[in-house]
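Residues per chain, in single letters:
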Amino acid sequence: MQAPPTDQLHSKLIPMLQEIQERLGYIAPEAVEWLAKELKLSEQEIYGVATFYNFFRLNPPGRHEIRVCLGTACHVQGNEKLLDTICERLGIQPGETTPDGRYSLERVACVGACALAPAIVIDDEVHGRMTQRALQRLLDKIDREDEEAMKKRGEK
Amino acid sequence: MADEKIELLVCLGTGCESAKSDVLFAKLSDEIKKHKLENKAAVKRIGCHGLCQQGPVIAVEPEGLFYCQVKESDIEEIIQSHLIKGKPVERLFYEHDDGTRIPHYRDIPFYAKQTRVVLKNSGHIDPSKIDDYIAVGGYKGLERALKEMSPEEVIEEVYNSGLRGRGGAGFPTGLKWKFARSSPGDVKYAICNADEGDPGAFMDGSILVADPHSVLEGLSIAAYAIGAREAFIYVRHEYPSAVASLKKALKQSYERGFLGENILGTGFNLDIRMMEGAGAFVCGEETALMASIEGKRGMPRPRPPFPTEAGLWGKPTVINNVKSLAAVAIILREGWEWFKSIGTEGSPGTAIFSLTGKVKNTGLVEVPMGATLRHIIFDVGGGVGTGREFKAVQTGGPAGGCLPKEKLDLPVDFDSLREAGAIMGSGGMIVMDETTCMVDVARYFLSFTQQESCGKCTPCRMGTLEMLKILDKIREGRGEEGDIEKLLELCDTVVKGSLCGLGQNAPNPVLTTIKYFREEYEAHIRDKTCPAMVCRDLVKYVIDPDLCIGCGACSRICPTGAAQGEKKQAHHIEQDMCIKCGACLEVCPPKASAVLKIPISKTLADIKGGAQ
């Protein structure tokens, strides 16, 4: 590779942060400490980059990740109203996680499913042509499944 | 005629996939095995076929039949009727406006009115198989470049074709390459910008999923032309299927000797590395993108020096959009004269749009440059389709503008759109009808650029925030005389005082909506009404007790408990508790239609009185 060695090291920062987040679900402080030594950067430099990019989160995510697409097509088709409904139901705002750690909510700018707007992504599954009713059913279903799982664990 | 093997092409583009086409693929494969039809039929995965509106879609080749909105329960019938008895399932064909069914996709207006050049392979080849790409002439362009042409000749060919950068700016690609070639230095880089960040645009992502090798081929040609031995593809991480598709394509290219050492035995070496973005819109700007590859905050820097002189790690660098590179592969294969014969004198070739919003046929569209907006929206897109009136079309993403119906006959090319106040942009095209509020749209785009501003230039960071505050005021019914003038003044400051395209173009949505839809702003400011009934502070939901049948659908779905009432009794909405999500209106049975959305200043009696 042709880049000067110090730059090469720096250019690994974002891919490594991505891998950390993939494994841990977020950028943990211990990971930043380790990464700083590994890449010969200061922790400040790493936080500077991590907080610049929307993708990186510094807090653990909820068990279910809801991402509401707010791309143009989804906006025009009224996804903001669906977002309001979710906020109301879960009692959290975008960027937050419910106190019980079950749900986290994010707003994202376009997942590329514009033709099926409005779209909501729950646990990496894209749900297109969403309506208030479909949303309610989806969330009810997750609640039900979680409850059953909890019961099962409780019985064992 | 000898029985040709039937190929069932299941679309796995983002649209169809989110409509569970992967389930169809699995089920079709299983059923074919179960019925021992392997000799007669094969199932193939394809990338975006184009007509996302009808997803999930299955194309049947070689006949070119087209099944729309296929459900898992339809598979059995396709197997029994089509594959076993040879009788296609008519009820799954595309339904035309007059109710007739169109069997072949080539006859569906959406496809018939397009000119597919760059998208030719999309939806026809299996993107996960390099041989599929080679079979349709893939890598012929690279072979010609490497074996028959000097780098200078390649640049000449691209320059002569008149190809202009498809990322939106429209800079001549050949010229950019010439600059990078002539910049001194042994180490140079070629980069493919696949950080498609515009909300409402999915062309680049779709091409990467449906035809990844065309982009790799174009990038290899670019690298050869400028003298680069290392190239990068910077992909948006929000496109997991594009990332997966590229990974696979890269692996195959190395295995088959299209990448790596001594490519095609010509002595040319090239490595392509993929890097995933991390969710910063500004990284679509070329200098910010390079900063991001270097592992830094993605902040733009002043130009000059241009990347062709000092780019990645200070070395001469060429950055091209996905569509530009896909076009390069075709130009080298078919020759520059052929490419130049398509489109207009000033903008040769085709334009690719993702057509979405309030339009009948949403999907991926390719037309010759110079086609009119009317052709794209009405001939290809089938019009608004809801029985409502067309109001505006938005092109160019958050940096673009909204054009009214008076501009529908405008030819779509780099120069005409800019003149009208919009831009070509990367290719998002969002259609809006009378239920879209233009103030709300302007605010939407501005809130996007405001959040994505990297913060380096004060006019962009603070100016957009001030503009947003004014728009919020107007939207909430607190607008004052003079607000429009204040907005225009701020627009001017932000345009003049920003370093990169994000800031310079951020005011465009506001400027064009004021220019073409000023009366809507005035209605919000003077009459405190939203003509499109979108702005939530200016509307309210009420239930007409005379129409309510007391079914309780609204009170069950209402997230705040604002919709209340006894069973079989007329319901009502507690305005203090209502968040105006509109769920009650959606679920109120059509036979009752008792929930109404009315202007905040009116009462139910006003509305009913007016109707009499």
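The rules we used
- Residues numbered from 1 in each chain as written.
- Chains lettered and ligands numbered in written order.
- Predicted model: local features only at pLDDT ≥ 70, side-chain atom pairs only at ≥ 80, totals over all residues.
- Heavy atoms only, no water.
- Helix = DSSP H or I, 4+ residues; strand = E, 2+ residues; numbered from the N terminus.
- Rg over C-alpha atoms; globule rule 2.2 N^0.38 Å.
- Buried < 20%, exposed > 50% of the residue type's maximum accessible area, 1.4 Å probe, protein only.
- Contact = heavy atoms within 4.5 Å.
- Areas by Shrake-Rupley, 256 points an atom, 1.4 Å probe, with all protein chains shown as cover.
- Buried area = accessible area lost by both parts, 1.4 Å probe.
- Salt bridge = Lys/Arg side-chain N within 4 Å of Asp/Glu carboxyl O.
- Polar contact = N/O pair within 3.5 Å; in protein donor to acceptor, adjacent residues only side chain to side chain.
- Nonpolar A, V, L, I, M, F, W, Y, C, P; charged D, E, K, R; others polar.
- Domains from an automatic or database assignment.
- Expected span 1.5 Å × (residues − 1).
- Arc of directions from axis to C-beta.
- Patch = residues over 30% accessible without salt bridge, like charges linked within 9 Å, V, L, I, M, F, W, Y side chains within 5 Å.
- Axes fitted to C-alpha atoms, helices over the stretch in contact; angles between N-to-C directions.
- Parallel < 35°, antiparallel > 145°, perpendicular 65-115°, else oblique.
- Left-handed = near helix turned anticlockwise from the far one by under 90°.
- Phe/Tyr/Trp six-rings, centres within 6.5 Å; stacked < 30°, edge-to-face > 60°.
- Pairing = 2+ DSSP bridges.
- Core = buried A, V, L, I, M, F, W, Y, C linked by side-chain atoms within 4.5 Å.

1. Here we look at the overall build of chain A
Next, step 1: The helix and strand inventory of chain A stands at 7 helices and 4 strands.
Next, step 2: For chain A, the α and β elements follow one another from N to C terminus as α-α-α-α-β-α-α-β-β-β-α.
Next, step 3: The C-alpha radius of gyration of chain A comes to 19 Å, more than 25% above the 15 Å expected for a compact globule of 156 residues.
Next, step 4: Projected onto its principal axes, the C-alpha coordinates of chain A cover approximately 55 × 45 × 25 Å.
Next, step 5: Here chain A holds 156 residues, and the buried ones make up 49% of them.
Next, step 6: Taking as baseline every contact in chain A between residues at least 6 positions apart, the subset at least 24 positions apart corresponds to 60%.
Next, step 7: Carbon and sulfur atoms make up 49% of the accessible area of chain A, which amounts to about 8,000 Å² in all.

2. Observations regarding the interface of chain A and chain B
Accessible area lost when the parts come together is the quantity often used to give the size of an interface.
Next, step 1: Counting from both sides, the interface comprises 47 residues of chain A and, opposite them, 68 residues of chain B.
Next, step 2: For the pairing of chain A and chain B, the buried interface totals around 4,700 Å² over both sides, and the portion due to carbon and sulfur atoms is 56%.
Next, step 3: Here chain A is connected to chain B by 2 salt bridges.
Next, step 4: For the interface between chain A and chain B, the tally reads 30 residue pairs in polar contact (both at pLDDT 80 or more).
Next, step 5: Looking at the side of chain A that touches chain B, the elements that each hand over two or more residues are α1 (5-10), α2 (13-24), α4 (43-52), α5 (72-76), α6 (79-90), β4 (125-127) and α7 (132-155) of chain A.
Next, step 6: Class assignment for the residues of the side of chain A that touches chain B results in 21 nonpolar, 17 polar and 9 charged.

3. Considerations on the domain arrangement of chain B
Residue and element names in this part refer to chain B.
Next, step 1: Assigned domains of chain B: these are domain 1 (6-112), domain 2 (130-340), domain 3 (350-433), domain 4 (438-527) and domain 5 (536-611).
Next, step 2: With centres defined by C-alpha atoms, the gap from domain 2 to domain 4 works out at 35 Å.
Next, step 3: Between domain 2 and domain 4, the residue contacts involve 11 residues of the former and 8 residues of the latter.
Next, step 4: Carbon and sulfur atoms make up 78% of the area that domain 2 and domain 4 hide from each other, which totals about 890 Å².
Next, step 5: When the area that domain 2 buries against domain 4 is broken down by residue, the three leading residues are Pro199, Phe281 and Pro300, summing to 51%.
Next, step 6: Applying the counting criterion to the domain 2 and domain 4 interface returns 0 salt bridges.
Next, step 7: On inspection of domain 2 and its partner domain 4, the count reaches 2 residue pairs in polar contact (both at pLDDT 80 or more).
Next, step 8: Of the residues contributing to the side of domain 2 that touches domain 4, the split by class is 7 nonpolar, 2 polar and 2 charged.

4. Structural notes on helix α19 (residues 483-496) of chain B
Residues and elements named next belong to chain B.
Next, step 1: Across its 14 residues, α19 extends 20 Å between first and last C-alpha, which sits within 8% of the 20 Å expected from 1.5 Å per residue.
Next, step 2: Within the span of α19, buried status applies to Asp483, Ile484, Leu487, Cys491 and Val494. Within α19, the buried residues cover an arc of 95° as seen down the axis, which keeps them to one side. Every exposed residue of α19 that faces more than 90 degrees away from the buried side is listed here: Glu489 and Lys496.
Next, step 3: Contact partners of the buried residues in α19: α18 (458-475), α20 (501-505) and α21 (508-527).

5. Quick word on a nonpolar patch on the surface
Residues and elements named next belong to chain B.
Next, step 1: A grouping of Leu488, Val495 and Leu511 is seen on the molecular surface, where their side chains present a nonpolar patch of about 180 Å² in accessible area.
Next, step 2: Here Leu488 shows up in helix α19.
Next, step 3: Given the relative accessible area of 31%, Leu488 is considered partly exposed.

6. As for the packing of α18(B) against α19(B)
All names here are of chain B.
Next, step 1: Where α18 meets α19, the closest approach of the two axes is 9 Å, and the angle between their N-to-C directions is 160°. In terms of their interaxial angle, α18 and α19 are classed as roughly antiparallel. Where α18 crosses over α19, the handedness of that crossing is left-handed. Touching Pro459, Cys460, Gly463, Thr464, Glu466, Met467, Ile470, Leu471, Lys473 and Ile474 of α18 are Asp483, Lys486, Leu487, Leu490, Cys491, Thr493 and Val494, all from α19.
Next, step 2: Of the residues that constitute the contact of α18 with α19, the class distribution is 10 nonpolar, 3 polar and 4 charged.

7. Let's talk about the packing of aromatic side chains
Residue and element names in this part refer to chain B.
Next, step 1: On inspection of all chains with the given rule, the structure shows 18 aromatic pairs over all chains.
Next, step 2: With a centroid separation of 5.6 Å and 10° between ring planes, the pair formed by Tyr67 and Phe93 is classed as stacked. Of this pair, Tyr67 sits in strand β4 (residues 65-67) while Phe93 sits in the loop between α3 (75-84) and β5 (94-95), and the two are 26 residues apart along the sequence.
Next, step 3: The exposure class of Tyr67 is buried, given its relative accessible area of 0%.
Next, step 4: For Phe93, a relative accessible area of 5% corresponds to the buried category.

8. Looking at the environment of Gly15(B)
Next, step 1: Relative to the helices and strands, Gly15(B) is located in helix α1 (residues 14-18).
Next, step 2: Gly15(B) sits 341 residues away from Thr356(B) along the chain, and the two C-alpha atoms are 12 Å apart.

9. What to know about the domain arrangement of chain A
Next, step 1: Looking at chain A, the domain boundaries give domain 1 (6-52) and domain 2 (64-153).
Next, step 2: On a C-alpha basis, the centres of domain 1 of chain A and domain 2 of chain A stand 29 Å from each other.

10. Quick word on the sheet that holds strand β16 (residues 428-433) of chain B
Residues and elements named next belong to chain B.
Next, step 1: With mixed pairing, 5 strands are arranged side by side in an open sheet as β13-β12-β16-β14-β15. On the outer flanks of this sheet lie β13 (363-368) and β15 (401-404), each paired with one strand and no other. Neighbouring strand axes in the sheet, compared pairwise and without regard to direction, differ in orientation by 30° on average.
Next, step 2: As defined by bridge partners, strand β14 (residues 390-395) adjoins β16 across 5 bridges and the pair is classed as antiparallel. Looking across to β16, one finds that Phe390 is bridged to Asp433.
Next, step 3: Contacts between helix α9 (residues 203-210) and the sheet are confined to β12 (350-357), β13 and β16, with β12 contributing the most and set at about 110° to the helix.
Next, step 4: Sheet contacts for helix α15 (residues 373-380): β12, β13, β14, β15 and β16; angle to β13, the most-contacted strand, approximately 135°.

11. Here we look at the nonpolar core
Residues and elements named next belong to chain B.
Next, step 1: Val154, Trp177, Ile233, Ile272 and Leu332 are the most contacted members of the largest nonpolar core, which has 80 residues in total.
Next, step 2: When near neighbours in sequence (up to four residues on either side) are disregarded, Ile272 contacts Leu216, Leu219, Ser220, Ala231, Ile233, Leu250, Tyr254 and Leu259.
Next, step 3: Within the second largest apolar cluster, 52 residues are counted, among which are Phe390, Met429, Met432 and Tyr444.

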